[in-house]
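Chain by chain, the residues run as shown.
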Amino acid sequence: METILFLSHTEQDGTLSRASLEALAAARGLADGTKGQLVVGVFGEQTAPAAAQLAGSGAKRALAVTSADLAAARYASDAAAAEALARAAGATVVVAPANSRLSRVLAGVSHRLGGKVDTHATAVGAPDGAPTVTRWFYRQRMEATLRRSARPWFVTVEAGTQPAFRGEGAAPALEAVTLALTDDQRRTKVIGFRAPEAQAQTIRPDAKLLFVAGAGWTKKQADGKPHLDQAEQLILGFIGKAKASLGSSKSMTDLATEGHGVMNFMTHLNQVGQTGSTPRHAKGLATCCHGEEPHVVGWRFINERRAVNLDPNCGWARGKADVVYVADAFAVMEKVNALLSRS
C-alpha cells in the first residue's frame, strides 16, 4: 500500500500558501486513487496555524517540524526537515508544491533516501491504481505520462494546475518530529531581504491578469515616430492600477541586443514563449504582438485570452485568442487607464 506524504513549508505567519494547498489536493486525490494512506507533513518557524488548513484532509497522521532555524529558506536546514518528515512518515510517494524553496532541496533529499524525483507535474493521479504523473516537455509542446517503480518518489506540482484544498472541520493534532541541526548546517545566515519597490514590481505570478506587450509598442506609430516614453507610461500605469503581471514576446526582449529602443523595465524574465515559460493566470491580454506560434505557446494554460492588434489577419485572429480587438493599443490602453483611475 502506498503512503502518500504531502510535504510543504509554512509561510512566515505559519500558514500554507495557495500553491501548497493545491499540492495537498493533488496528494489527497492520489491517496484516494491508490487506496493508500495520506500523511501530511509541514515544517517552518510556526506550524500551528497550518493545522486549521489541513482539517478534513483525511490524513492518517499530521507531522510537523517546528524550529526557529526554519524561519528562512536555507538548503541545509530545509533538506534536513524534509528528510526527517519523509522518514517519519515512511513515505513511498512525496507530493510537494513546485515553489523555489522546495524545488531547491527535494532532489538532494530524494538522493539521500535512495529515491527519484520528478518536477513541474501538471497532474497527479492513479487511473488504474498506480501513481501516475503528467508533465510537459520540449517548451510545453509535448505532454508525457510518467510512472516509476523506485520509492520514495518525490513529485513537485506546478502551481495553478489543481484546485486548492479547503479545510473543513476540526484541525488535526500535529505530531512533532525532532530536528537536530549541527553548527555546519546553521552556517548560512539570512541577514535580510531585498525587494523592488511596489511600483517597480512587474512579475506577479498570483495576479489574475497577465498583460503581454509585443514589439509593436516600440515601432513607429501613425505620425511616423516611435513613442517609447508614452508606451512605458501606459504599460506601467495599467500594470500598477490593475495589479497585473507583465509579460513580453521574445522579439521585445531581444530588441536591446539589436540596437533598438527598449523599455527600461522589460527584461528576459518577462518573456513568455519559447523559453518554456507557462503562466497560469486566469486571464491574458496581448497588445502589439502578432500572435504567431512562438508567442502563444506559453499561453496554453491561460483560461481566457484576448488581444489588441491593428491587423485583423494577425495570428490571434486565427483561433489563438477568444476575443481580438482590432484597434490601436495606445488609444485602447489610454482609455482603459482613464477608466481604472476613476474606480
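Only a predicted model underlies this, so the values are computations on that prediction, with no experimental measurement involved.

Reading guide: rules and limits
- Residues numbered from 1 in each chain as written.
- Predicted model: local features only at pLDDT ≥ 70, side-chain atom pairs only at ≥ 80, totals over all residues.
- Heavy atoms only, no water.
- Salt bridge = Lys/Arg side-chain N within 4 Å of Asp/Glu carboxyl O.
- Helix = DSSP H or I, 4+ residues; strand = E, 2+ residues; numbered from the N terminus.
- Contact = heavy atoms within 4.5 Å.
- Core = buried A, V, L, I, M, F, W, Y, C linked by side-chain atoms within 4.5 Å.
- Buried < 20%, exposed > 50% of the residue type's maximum accessible area, 1.4 Å probe, protein only.
- Expected span 1.5 Å × (residues − 1).
- Pairing = 2+ DSSP bridges.
- Axes fitted to C-alpha atoms, helices over the stretch in contact; angles between N-to-C directions.
- Polar contact = N/O pair within 3.5 Å; in protein donor to acceptor, adjacent residues only side chain to side chain.

A. The pattern of salt bridges, seen in detail. Summed over all chains, the structure comprises 13 salt bridges. For the salt bridge of Arg-18 with Glu-22, the shortest nitrogen-to-oxygen distance reads 3.1 Å. Of this pair, Arg-18 and Glu-22 both sit in helix 1 (residues 18–34), four residues apart, which is roughly one turn of the helix. Between Arg-318 and Glu-292 there is a salt bridge whose closest N-O contact spans 2.9 Å. Of this pair, Arg-318 sits in the loop between strand 14 (304–309) and strand 15 (323–326) while Glu-292 sits in the loop between strand 13 (283–287) and helix 7 (293–296), placing them 26 residues apart in sequence.

B. Just the environment of Leu-285, in detail. Tracing the sequence through the fold places Leu-285 in strand 13. Sequence spacing of Leu-285 and Val-105 is 180 residues, and the spatial spacing of their C-alpha atoms is 35 Å. The residues contacting Leu-285, other than those within four sequence positions of it, are Leu-209, Leu-210, Phe-211, Val-212, Trp-299, Arg-306, Ala-307, Val-308 and Met-333.

C. Spotlight on the nonpolar core. Ile-4, Phe-6, Val-95 and Val-124 are the most contacted members of the largest nonpolar core, which totals 27 residues. For this core, the elements supplying multiple residues, two or more each, are strand 1 (3–9), helix 1, strand 2 (37–44), strand 3 (61–66), strand 4 (93–97) and strand 9 (153–157). Residue contacts for Val-95: discarding those within four places in its chain leaves Ile-4, Leu-5, Phe-6, Leu-7, Ala-23, Ala-26, Ala-27, Leu-30, Val-155 and Val-157. Core analysis: the next-biggest nonpolar cluster, separate from the first, contains 24 residues, Leu-7, Leu-102, Val-105 and Val-109 among them.

D. A look at helix 1. With 17 residues, helix 1 ought to run about 24 Å at 1.5 Å a step, and its terminal C-alpha atoms sit 25 Å apart, in line with that. Looking only at helix 1, the buried set comprises Ser-20, Leu-21, Glu-22, Ala-23, Leu-24, Ala-26, Ala-27, Leu-30, Ala-31 and Thr-34. On the buried face of helix 1, the contacting elements are strand 1, strand 2, helix 2 (48–53), strand 4, strand 6 (123–125) and strand 9. Phi turns positive, to about 55 degrees, at Lys-35, one or two residues after helix 1.

E. Structural view of the sheet that holds strand 7 (residues 132–137). Taken in spatial order, the three strands line up as 6-7-8 in an open sheet, and their pairing is antiparallel. Each end of this open sheet is capped by a strand with a single partner; those strands are strand 6 and strand 8 (142–146). Pairwise comparison of adjacent strand axes, ignoring direction, gives a mean angle of 20 degrees for this sheet. Sheet analysis places strand 6 next to strand 7, joined by three bridges and oriented antiparallel. When the bridges of strand 7 are listed, Val-124 appears paired with Val-133.

F. The environment of Met-333, seen in detail. Inspection of the secondary structure puts Met-333 in helix 8 (residues 329–342). A relative accessible area of 1% means that Met-333 is categorised as buried. With 25 residues separating them in the primary sequence, Met-333 and Val-308 have C-alpha atoms 9.6 Å apart. If sequence neighbours within four positions are ignored, Met-333 has contacts with Phe-211, Trp-217, Leu-234, Phe-238, Leu-285 and Thr-287.

G. Summary view of the side chain of Thr-202. Within the element layout of this structure, Thr-202 appears in the loop between strand 10 (175–176) and strand 11 (209–213). Residue Thr-202 is classed as buried on the basis of its relative accessible area, which comes to 8%. Reaching out from Thr-202, the side chain makes a polar contact with the side chain of Asn-270 at a distance of 3.4 Å. When sequence neighbours within four positions are dropped, the list of residues in contact with Thr-202 reads Leu-236, Ala-244, Ser-245, Leu-246 and Asn-270.

H. Structural context of unusual backbone geometry. The residue after Arg-151, namely Pro-152, is reached through a cis peptide bond having omega 0 degrees. Within the secondary structure layout, Pro-152 lies in the loop between strand 8 and strand 9. Backbone geometry at His-120 places phi at a positive 55 degrees, although glycine is not the residue there. One non-glycine residue with positive phi stands out, namely Cys-288, at about 55 degrees. Relative to the helices and strands, Cys-288 is located in the loop between strand 13 and helix 7. Note on Cys-288: relative accessible area 19%, which makes it buried.

Function cannot be inferred from these measures alone, as they are strictly geometric.
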